[in-house]
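# Observations on the model geometry
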Amino acid sequence: MITVNKLVKRFGLKTVLRGMDFAVQPGEFVALLGPNGAGKTTFLRILASLSRPTLGEVNIAGFKLPGEASQVRARLGVVSHLPLLYGDLTAEENLRFYARMYGIANSQERITEVLEMVGLENRRRDLVRAYSRGMQQRLAIGRAVLHDPEIVLFDEPYTGLDQDASSMLDVVLKTVAAQGRTVVMTSHDLARAEELATRFDILSRGVIAASATRRQVKKTNLLEFYKQALAG
Amino acid sequence: MNQKPLALKILDLVSMLLLLAAAYLAIVVAPTEKVMGDVQRVFYFHVGTAWVALIGFVFTAVLSVIYLITKNLKWDRIQVAAVEVSVVFFLITIILGSIWARPAWNTWWTWDPRLTTAAIAELIYIAYFMLRQGIDDPDKRARFGAVYALIGGLSAPITFFAIRLFRTIHPVVIAGANAEAEGNFSMSGDMLTAFFFALFAFTIIFIDLFWNRIRLGEYQNEVEERKLKAAY
Amino acid sequence: MDDRRRAADQSGQWSNDHGQNAGGFFKAIGAIVWKDLRAEFRSWELISAMLVFSLLVILIFNFALELDIKTRQSVTAGVLWATFAFAGTLGLNRSMALEKDRGCLDGLLLAPVDRSAIYFGKFFSNLAFMLIVEAIVLPVYSVLYNTNLFQPGLLLVILLGSVGYTSIGTLLATMSVQTRARDILLPILLFPVVFAVLLAAVRASGGILDNLTIADIAFPINLLITYDVIFIAASFMLFDSIVEE
């Protein structure tokens, strides 16, 4: 579903990603872990076609980036730590706007479906600025899957959420994953990642330092694995 | 770091000699102009600096296009050098023009098309540096700089026409519109020599400074690079 | 993949490249304008700020220039355009800051539409805000100074001037909100490059208010049109470079 070959990203002289290889099979839920500044967000922005690779190949759902970005965008949903929503519009209006941007047919039906999925159908006519952080984040997920993308990218979705909001987000994330989508999620919260992901990749110094499936990690324990990967 | 190339050392020396020679021609050899007297002598340097600054600005716009196509930071460094040197030369042009205008038009400044366009061009390129100042990512800085320099370069000629239209419909406040004031002395042989020599001298001086400034940019770049290497 | 999508895949409407065709392009522009106007007509934040600011500028000009009947005649066009230019930066800054603050600019860029659709969407929204403010300032000014500003020629000039101002203003505001200095940078970037528009617009407006014929002001009007065409084209081509990383 996603293949990344020898990806290099430089900002001026600073090299953030140094020949990174990465692959995701359809239906996988990959947690991309790593310390701050390891390049997780940079990498996700490249997958999201918001940032161009300096060198290397990125292939998503059979399309090349950045050349075929438009096709990739149609198949991709992104949730970042910012909500990407307009405060002066209601939840429904926000979704209607994005539905138009994505050229979705039968948008009304789909909007209702999505609002139900993220548990906001009762608040659909409320302004987003009146939403709590957790509700905004859930709506942001609704926005990201509105066009039914095959791949969803989450960039630190739990940032700034309290316990309650986090567990509600868990439910939504699980639903998204259960719909057969391929998911890549960055996080520095190992516990959350452990609960959701089917594979764990550790990003360190601009490359994938280690990768393990859920089963492999179960035997040792994620924290040990994480520490070893960073040390090694 | 590489040594200063011999050619540049020679050019430095030649530039200095040319400046002295141009000054000698303008001050000693060229005859005193009948109407305006000695102050007319700034004219040689005024036109000389204006000539290279304007070429520099046109070159800047070309460099914008080259950078936006190639995305190679080398062209950005060259553009910064071009803008910086041109801005300084243009400032000299404006100051010399003022010195000449005081006795010729009886004022330091008039809002005539050329002067106003000159002032606005200076402001555009000062804004160019302010814009760059606010951006940390070198690629983004280069892109924004290139875009703005291009827009500035496009707008300057239109501005010139706009002011001319404004001033030709309205009566010119200062007696002796500059077109006549500037053109109404016929140049004798020695004057022409001084004039063309000044153009030539300033072209060489411009190239010399431009070259030096590009090298300075390369050094800055290298310093940054070494700092980054040391940090790892 | 769920059934609904598989069905949609077969009908070819789902997995295809929405937004690649002209219909998607215009739809996206329409969507952006729709959401901007919708949000604005709810909060009135941007327009009210521009409007109050415009009236304050006029007030300041009134006393700074001592606008009596005689001087008023000759400076009306200048006062109007200075007011529009100042209020315009306020609106442009706000409009683009709204996109930047909650990451919405990324949201727009993630949509499978051509980048220039985003530019034109924001351009038309900003133009709409500007024209709305102008539509309110004009009658107020007419009442305050007992002149009739509702002349077709003047309205045409205001439209042309606003198009030029907003076309380049949208591009530069998109740039300035992405820098550290943000709001303070926009007027510094914008004014030197829209100088020609403002001059031509003042000249043309002044001519119309002095009851000159269209032939007399053909030159400034042509200049405005030239400027509009050049800068819409330039912004269209350059917008990509200022939103892509």
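Predicted model only: the values in this text are computed from it and were never measured.

## Things to note about the overall build of chain B
A tally of helices and strands in chain B yields seven helices and zero strands. The order of helices and strands in chain B, counted from the N terminus, is α-α-α-α-α-α-α. Referenced to the eigenvectors of the C-alpha coordinate spread, the extents of chain B come out at roughly 70 × 45 × 25 Å. Evaluated residue by residue, chain B yields a buried proportion of 37% over its 232 residues. The long-range share in chain B, meaning contacts at least 24 apart out of those at least 6 apart in sequence, stands at 80%.

## Some remarks on the confidence of the model for chain B
Close reading of the predicted structure is inappropriate where its pLDDT is low. Residue and element names in this part refer to chain B. With 90% of its residues at a pLDDT of at least 70, chain B reaches an overall mean of 86. By mean pLDDT, the top-scoring element of chain B is helix α2 (residues 42-70) (94), and the lowest-scoring one is helix α6 (residues 178-183) (43). Low confidence marks residues 169-184, where pLDDT is under 50. Its contacts with residues over four positions away, or in another chain, come to eleven contacts. For this predicted complex, the interface confidence score (ipTM) comes to 0.92, while the overall pTM stands at 0.91.

## Let's talk about the sheet that holds strand β5 (residues 63-65) of chain A
Residues and elements named next belong to chain A. Pairing within the open sheet is antiparallel, and its four strands lie in the order β2-β1-β4-β5. Each having just a single partner strand, β2 (14-24) and β5 make up the two edges of the open sheet. Shown here is a sheet whose adjacent strand axes are inclined to one another by a mean of 25°, direction ignored. Direction of pairing for strand β4 (residues 55-60) relative to β5: antiparallel, over a ladder of three bridges.

## Points about the sheet that holds strand β10 (residues 207-213) of chain A
Residues and elements named next belong to chain A. As summarised here, the arrangement of the six strands in space is β6-β7-β8-β3-β9-β10, forming an open sheet in which the pairing is mixed. Two strands lie at the open edges of the sheet, namely β6 (76-79) and β10, each paired on one side alone. With strand direction ignored, the average angle separating the axes of adjacent strands in the sheet is 15°. Pairing of strand β3 (residues 29-33) with strand β9 (residues 199-204), which is carried by four bridges, proceeds in the parallel orientation. Across the sheet, residue Leu 32 finds its bridge partner in β9, namely Asp 201. Sheet contacts for helix α5 (residues 133-145): β6 and β7 (151-155); angle to β6, the most-contacted strand, approximately 165°.

## Here we look at the interface of chain A and chain C
Listed by partner, the interface residues are 29 residues for chain A and 29 residues for chain C. In terms of residue class, the side of chain A that touches chain C is made up of 14 nonpolar, eight polar and seven charged.

## What to know about α2(B)
Counted at 1.5 Å a residue, the expected span for α2(B) with its 29 residues is 42 Å, and the 41 Å between its end C-alpha atoms agrees. Lys71(B) lies just past α2(B) and shows a positive phi near 55°.

## Some points on the interface of chain C and chain B
Counting residues at the interface gives 24 residues for chain C and 25 residues for chain B. Looking at the side of chain C that touches chain B, the elements with two or more residues in it are α7 (152-176), α8 (185-209) and α9 (218-243) of chain C. Of all the elements, α8(C) adds the most residues to the side of chain C that touches chain B, at ten residues.

## Observations concerning the nonpolar core
With 207 residues, the main nonpolar core has Leu47(A) and Leu153(A) as its most contacted residues. For this core, the element with the highest residue contribution is α8(C), accounting for 16 residues. The residues contacting Leu153(A), other than those within four sequence positions of it, are Leu44(A), Leu47(A), Ala48(A), Leu76(A), Val78(A) and Val184(A).

## Some remarks on the environment of Val24(A)
Residues and elements named next belong to chain A. Tracing the sequence through the fold places Val 24 in strand β2. Sequence separation of Val 24 and Thr 159 is 135 residues, and the distance between their C-alpha atoms is 24 Å. Sequence-distant contacts of Val 24, defined by excluding residues within four places in its chain, comprise Met 1, Ile 2, Val 30, Thr 182 and Val 184.

## Section: the environment of Thr93(B)
All names here are of chain B. Relative to the helices and strands, Thr 93 resides in helix α3 (residues 73-105). The buried category is assigned to Thr 93, around which 23 C-beta atoms lie within 10 Å. In this structure, the C-alpha to C-alpha distance between Thr 93 and Glu 225, residues 132 residues apart in sequence, is 37 Å. Residues contacting Thr 93, with those up to four places away along its chain left out, are His 46, Thr 49, Ala 50, Ala 53 and Ala 118.

## A short note on the confidence of the model for chain A
On average, chain A scores 91 in pLDDT, and the residues at 70 or more come to 100%. No element of chain A has a lower mean pLDDT than helix α8 (residues 214-220) of chain A, at 79, and none a higher one than helix α3 (residues 91-101) of chain A, at 96.

## A word on the pairing of β6(A)
All names here are of chain A. The alternating pattern of β6 places Leu 76 and Val 78 on one face and Gly 77 and Val 79 on the opposite face, and all of these are buried. Bridge analysis of β6 against β7 gives four bridges, and the strand direction is parallel. From the neighbouring strand, Val 78 faces β7, where its bridge partner is Leu 153.

## Examining the packing of helix α3 (residues 45-64) of chain C against helix α6 (residues 115-145) of chain C
Residue and element names in this part refer to chain C. In the contact formed by α3 and α6, the axes pass within 10 Å of each other and the chain directions differ by 35°. Of the two elements, α3 crosses α6, and the hand of that crossing is right-handed. Residues Leu 46, Ile 47, Met 50, Leu 51, Ser 54, Leu 55 and Ile 58 of α3 lie in contact with α6, whose contacting residues are Phe 129, Ile 132, Val 133, Ile 136, Val 137, Val 140 and Tyr 141. Across the contact of α3 with α6, the residue classes tally to 13 nonpolar, one polar and no charged.

Thresholds applied
- Residues numbered from 1 in each chain as written.
- Chains lettered and ligands numbered in written order.
- Predicted model: local features only at pLDDT ≥ 70, side-chain atom pairs only at ≥ 80, totals over all residues.
- Helix = DSSP H or I, 4+ residues; strand = E, 2+ residues; numbered from the N terminus.
- Buried ≥ 20, exposed ≤ 12 C-beta atoms within 10 Å, placed from the backbone.
- Contact = placed C-beta atoms within 7 Å.
- pLDDT = per-residue confidence, 0-100.
- Pairing = 2+ DSSP bridges.
- Axes fitted to C-alpha atoms, helices over the stretch in contact; angles between N-to-C directions.
- Nonpolar A, V, L, I, M, F, W, Y, C, P; charged D, E, K, R; others polar.
- Expected span 1.5 Å × (residues − 1).
- Core = buried A, V, L, I, M, F, W, Y, C linked by C-beta atoms within 7 Å.
- Left-handed = near helix turned anticlockwise from the far one by under 90°.

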